[in-house]
Amino acid sequence: MQISHLNTKRKLNIIHLGSFSGNIGDYANHQGFQKTFLKYRDAKFTPLEIRKFYNNRKELKYDDSLVKLINNYDLLIIGGGGFFDLRWDNSSTGTTIDFSKHIIDSITPPVIINAMGYHEYEEVKVENIQKFKQFLGYVEHNKKWLLSVRNDESYQRIRKRYANQSKSILKVPDNGFLYHSVRFLSNIKVKNNETWIGINITNELFNTSFNKNITIDQFNKDIPKLINKIFTTSDNFRIMFFTHAYQDIITLGKILANIDDKYKREKIAVASYFTTGSNIDSIYSLYNICSCIIGMRFHANVCSIAMEIPTIGLAGHEQISSLYSEIGLSNRCVKIDNHKYIDNVFTLLLSSLDNIKQLKTTYKNENMRLAKESEEYFNRIEDF
């Protein structure tokens, strides 16, 4: 990525509101953003954990004390992440970002809403639609705010729902595309005859509007059948499971219970589970021993694509299918919305393993295109 602005201006003191623990995809997202930002401007980032505002914790509130904290900094970054999920009745915006007009008007430094994901779940309440519409209106007319959404068709969804409020919103690549794990694990040895397949699965975000008649219980019975089928196809296949959040560990336990015992003992590995710090780099470096990644989490797909590892997006939610559609790789995604999805994944997996070199070239070209879009975004931030 070429930098069009020299890093010669004064050091910025930035407060960054986002998810910094609990999901390794969020870590990759923030690492990609912050490391790239520092190529443009010297800055110190102070993390502010958004989960402390959640109703199940309530350690912090969206109130004047938060405004006072923010106003001590030169810049506020919010996100990225899927925090524009329109389902929170007790929020003044209908989303996780509970910023009232009073808070918006009271914040003095510039604000960047960074590569946010906008999603609707089941039927959305009219009140939440109206609240988010008002929020977009406040931000649109505030020259100190810059709003961007990530490339999972969030912009298209906002434009469809709020046409008049979408004009000033930027559509940008998710910052996970800028994250690359480079740590080499010398203690990981892969035999020449082994082919490792990475799998990330979760039961989160299933809903009938997307998954139709495929329930979570049905899914948890289907995946072991897929894994058993993989192992019966070739004695050289191995599987590495990746868990991105604690919910994935719960899901994995249900899946493993229905896999043949001999496979669990001889052909399956589970990557370490860390939720904070640079240990997460070591998890993503394990992705690199895999010839293909089957991923349900958003950043299991984004980071694999960024590292040019062939992927199969297993879409249990619109995030994944929309991501692949947006980057022109819809043929790499299988939706969990009919009973043929397991056969479709298996067929696509075998095809992928036969065309690894070609797929890596395809991903490399797509990453080059996304890098240019990211460069344009960071130049826009610098101008802002």
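Peer 1: Got a minute to help me understand the pattern of salt bridges in this structure?
Peer 2: Oppositely charged side chains can pair when the atoms bearing their charge come close. As enumerated under the stated definition, the model contains 21 salt bridges in all. For K171, the salt bridge goes to E326, with nearest N and O atoms at 3.3 Å. Taken together, the residues span a long stretch of sequence, with K171 in strand β6 (residues 170-172) and E326 in helix α12 (residues 318-326) at a distance of 155 residues. One salt bridge in this structure joins R297 and D248, with 2.7 Å as the shortest N-O distance. Placement of the pair is R297 in the loop between β10 (290-295) and α11 (298-306) and D248 in helix α8 (residues 246-256), with a sequence separation of 49 residues. Here R297 matches D248 in class, with each residue buried. What you see here is one network of salt bridges that share partners, running through R150, D152, R157 and E318.

Peer 1: Help me out: how do you make sense of the packing of helix α7 (residues 216-233) against α8 in this one?
Peer 2: In a packed pair of helices, the relevant descriptors are the angle between the two axes and the axis-to-axis distance. Where α7 contacts α8, the two axes come as close as 8 Å, and the packing angle between them is 60°. The element α7 and its partner α8 pack so that their crossing is right-handed. Residues N220, I223, P224 and I227 of α7 form the contact with α8, whose own contacting residues are T251, K254 and I255. Looking at side-chain class alone, the contact of α7 with α8 contains four nonpolar, two polar and one charged residues.

Peer 1: I keep staring at the side chain of N207 and nothing clicks. Help me out?
Peer 2: Relative to the assigned elements, N207 resides in the loop between β7 (195-200) and α6 (208-211). On the basis of relative accessible area, N207 is assigned to the buried category, the value being 10%. In terms of polar contacts, N207 uses its side chain to reach the side chain of S209, at 2.5 Å. Only 3.1 Å separates the side chain of N207 from the backbone nitrogen of F210, close enough to count as a polar contact. Once residues lying within four places of it in the same chain are set aside, the contact partners of N207 are E122, K212 and H317.

Peer 1: How should I be thinking about unusual backbone geometry in this particular structure?
Peer 2: The phi angle of most residues is negative, glycine excepted, and most peptide bonds adopt the trans form. The linkage connecting G79 with the following residue, G80, adopts the cis geometry, with an omega of 5°. Note on placement: G80 falls in strand β3 (residues 75-86). Its identity is not glycine, yet E153 carries a phi of approximately 65°, on the positive side. Tracing the sequence through the fold places E153 in the loop between β5 (145-150) and α5 (154-161). A relative accessible area of 22% places E153 in the partly exposed class. For E308, which is not a glycine, the phi torsion comes out positive at approximately 60°. Note on placement: E308 falls in the loop between α11 and β11 (311-315). In this structure E308 comes out as partly exposed when scored by relative accessible area, which is 27%.

Peer 1: Explain the pairing of β3 here, please?
Peer 2: Every regular strand shows the same layout, with side chains that alternate between the two sheet faces. Among the 12 residues of β3, 11 are classified as buried, and the element is accordingly described as predominantly covered. Pairing of strand β1 (residues 12-18) with β3 involves four bridges; the strand directions are parallel. What sits directly across from I14, in β3, is L75. Relative to strand β4 (residues 111-120), β3 runs parallel, the two sharing eight bridges. Paired with I77 across the two strands is I112, which belongs to β4. As for the winding sense of the linkage, the β-α-β connection from β3 through helix α3 (residues 101-106) to β4 is right-handed.

Peer 1: Looking at this model, I keep getting lost on the sheet that holds β5. Mind explaining?
Peer 2: Pairing in this open sheet of six strands is parallel, and the strands run β2-β1-β3-β4-β5-β6 from one edge to the other. The open sheet terminates on both sides in strands that have one partner only, identified here as β2 (43-49) and β6. For this sheet, the mean angle separating the axes of adjacent strands, direction not counted, is 25°.

Cut-offs applied
- Residues numbered from 1 in each chain as written.
- Predicted model: local features only at pLDDT ≥ 70, side-chain atom pairs only at ≥ 80, totals over all residues.
- Heavy atoms only, no water.
- Salt bridge = Lys/Arg side-chain N within 4 Å of Asp/Glu carboxyl O.
- Helix = DSSP H or I, 4+ residues; strand = E, 2+ residues; numbered from the N terminus.
- Buried < 20%, exposed > 50% of the residue type's maximum accessible area, 1.4 Å probe, protein only.
- Axes fitted to C-alpha atoms, helices over the stretch in contact; angles between N-to-C directions.
- Left-handed = near helix turned anticlockwise from the far one by under 90°.
- Contact = heavy atoms within 4.5 Å.
- Nonpolar A, V, L, I, M, F, W, Y, C, P; charged D, E, K, R; others polar.
- Polar contact = N/O pair within 3.5 Å; in protein donor to acceptor, adjacent residues only side chain to side chain.
- Pairing = 2+ DSSP bridges.
- Right-handed = clockwise from strand over helix to strand, strands pointing away.

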